[in-house]
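Architecture at a glance
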Amino acid sequence: MAGTAGVDLTLDDFQRVSNKIPFIADLMPSGKYVMPDLYSIGGTPSVMKLLLAAGLIDGGIPTVTGKTLAENLESWPSLPQGQEIIRSLDNPIKPTGHIEILRGNLAPGGAVAKITGKEGLKFTGKARVFNKEHELDDALNAGKIPKGENLVLIVRYEGPKGGPGMPEQLKASAAIMGAGLTNCALLTDGRYSGASHGFIVGHIVPEAAVGGPIAVVRNDDIITIDAETNTLSMDVSDEEIKERLKSWKAPRPIVNRGTLAKYSALVGDASHGAMTDLF
């Protein structure tokens, strides 16, 4: 969207914004409260009124009501004194946002982490590698992910090309939380659900399907996620990564001409030619 609008937007812009936004909402999935709790103390309009009073949003913008934002909020109650759901700006849960842009030898092009800080700001563990989300799902269902030593669970080949299409990963992150596996972090070149929390890093670039370093991570490599230095690294030298990549081969795409042939048999030969042209 930024490219279409001619806006020069980079990953660093997301970090810049996150650095100046205090984390004040104690809401699930990482927090204690749920949206009905917030509704009971005034809801989103009361939060907006707090932000307006602090000069963090523009009250002069017009809205669909025909009034400005400030006019809409004028008669709305402020957040009550003593409530604990939305912290004051001078007493945040975390002084900066939970979005962290990480880079390192595992993500030279960057990666996106959601780290609230309640689990700490740094995690180091041994890699356990899975080439698709369903492989990790199977391991979790079979009880093959032990509690105890710190593990970094890596799900690769789920990016835009590897997925294909970067499908949302919900089962694995939900299962990790549900099983109480606080000794585990999750890394992926795909995207994860908004309901996830903990040490979870997604959008690792370059993705595995194009030969990014995540493609050659091996079981028991030591991985470190550091939200203080904004780094994501593995304890493998640059020379070793290059050697591993020399013997790496791109997997066969899930979407191929054989798949298209089966599709055309179902919907007609006319579509087959058009679909083949796309590939």
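These numbers were taken from a predicted model, which means no experiment stands behind them. (Residues numbered from 1 in each chain as written. Predicted model: local features only at pLDDT ≥ 70, side-chain atom pairs only at ≥ 80, totals over all residues. Heavy atoms only, no water.)

Considering the overall build of the protein
- Within the protein one finds 10 helices and 10 strands.
- Across the 279 residues of the protein, 40% fall into the buried class.
- For the protein, long-range pairs separated by at least 24 residues make up 68% of all intrachain contacts whose partners lie at least 6 apart in sequence.
- Summed over its atoms, the accessible surface of the protein is roughly 15,400 Å², and 57% of this surface lies on carbon and sulfur atoms. (Helix = DSSP H or I, 4+ residues; strand = E, 2+ residues; numbered from the N terminus. Buried < 20%, exposed > 50% of the residue type's maximum accessible area, 1.4 Å probe, protein only. Contact = heavy atoms within 4.5 Å. Areas by Shrake-Rupley, 256 points an atom, 1.4 Å probe, with all protein chains shown as cover.)

Regarding the packing of aromatic side chains
- Per the stated rule, a full pass over the model turns up one aromatic pair.
- An angle of 40 degrees between the planes, with centres 5.4 Å apart, marks the rings of F123 and F199 as tilted. Residue F123 is located in strand β3 (residues 122-130), and its partner F199 is located in the loop between β7 (191-192) and β8 (200-205); the two are separated by 76 residues in the primary sequence.
- For F199, a relative accessible area of 6% corresponds to the buried category. (Phe/Tyr/Trp six-rings, centres within 6.5 Å; stacked < 30°, edge-to-face > 60°.)

Concerning helix α7 (residues 171-178)
- Along α7, the residues classified as buried are A172, S173 and I176. The arc enclosing the buried residues of α7, seen along the axis, measures out at 95 degrees, which places them on a common side. Residues of α7 that are exposed and angled more than 90 degrees away from the buried face: K171 and G178.
- Here the buried face of α7 lies against α6 (133-141), β4 (151-155), β5 (168-169), β6 (184-188) and β8.
- Looking one or two places after α7, you find G180, whose phi comes out positive at around 70 degrees. (Arc of directions from axis to C-beta.)

So, the confidence of the model for the protein
- For the protein, the mean per-residue pLDDT works out to 87, and 89% of the residues sit at or above 70.
- Per-element confidence in the protein is highest for helix α5 (residues 69-73), whose mean pLDDT is 97, and lowest for helix α10 (residues 269-278), whose mean pLDDT is 47. (pLDDT = per-residue confidence, 0-100.)

Some words on the packing of α6 against α7
- Between α6 and α7, the shortest axis-to-axis distance is 9 Å and the interhelical angle comes to 25 degrees. Here α7 runs roughly parallel to α6, going by the angle between their axes. The element α6 and its partner α7 pack so that their crossing is left-handed. For the pair α6 and α7, contact is made by E133, L136, D137 and L140 and by K171, A172, A175 and I176, respectively.
- For the contact of α6 with α7, the residue count by class is five nonpolar, no polar and three charged. (Axes fitted to C-alpha atoms, helices over the stretch in contact; angles between N-to-C directions. Parallel < 35°, antiparallel > 145°, perpendicular 65-115°, else oblique. Left-handed = near helix turned anticlockwise from the far one by under 90°. Nonpolar A, V, L, I, M, F, W, Y, C, P; charged D, E, K, R; others polar.)

Considering unusual backbone geometry
- Cis geometry marks the peptide bond from G163 to P164; its omega dihedral reads -10 degrees.
- Within the secondary structure layout, P164 lies in the loop between β4 and β5.
- Note that the residue after V205, namely P206, is joined by a cis bond; omega there is -5 degrees.
- A positive phi angle, near 60 degrees, is found at Y157, a position not held by glycine.
- Mapped onto the fold, Y157 is located in the loop between β4 and β5.

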